[in-house]
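Below, each chain spelled out in residue letters.
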Amino acid sequence: MLAKYWKKIGLFILIIACLFNITHKLVYKTSLKDELEMSARYMYNEQKNENKDE
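Residues numbered from 1 in each chain as written. Predicted model: local features only at pLDDT ≥ 70, side-chain atom pairs only at ≥ 80, totals over all residues. Heavy atoms only, no water.

1. Details of the pattern of salt bridges
Pairs can form between side chains of opposite charge whenever their charged atoms are close.
Here's step 1: Applying the stated criterion across every chain, the model contains one salt bridge.
Here's step 2: Across the pair Glu37 and Arg41 runs a salt bridge, and its minimum N-O distance is 3.8 Å. With Glu37 and Arg41 both in helix H2 (residues 32–53) and four residues apart, the pair spans about one turn of that helix.
Here's step 3: Given the relative accessible area of 33%, Glu37 is considered partly exposed. (Salt bridge = Lys/Arg side-chain N within 4 Å of Asp/Glu carboxyl O. Helix = DSSP H or I, 4+ residues; strand = E, 2+ residues; numbered from the N terminus. Buried < 20%, exposed > 50% of the residue type's maximum accessible area, 1.4 Å probe, protein only.)

What follows is the structure, encoded as structure tokens:
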């Protein structure tokens, strides 16, 4: 019986996983401001490390 419905079961699991992933990304979304601040800190630290090595 499982062999007959394996494609439908797999598709159902895939859809549930995609919905869970989308919901998780919407709930725990990082704001653009936070992303920009983290990028700026990273670049500043990298430049500081490069200057320190020279």
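2. A look at a nonpolar patch on the surface
Here's step 1: A contiguous nonpolar patch, built from Met1, Leu2, Tyr5, Ile9, Leu11, Phe12, Ile13, Leu14, Ile15, Ile16 and Leu19 and spanning about 1,200 Å² of accessible area, is present on the exposed surface.
Here's step 2: Summarising the element assignment, Ile9 is placed in helix H1 (residues 6–27). (Patch = residues over 30% accessible without salt bridge, like charges linked within 9 Å, V, L, I, M, F, W, Y side chains within 5 Å. Areas by Shrake-Rupley, 256 points an atom, 1.4 Å probe, with all protein chains shown as cover.)

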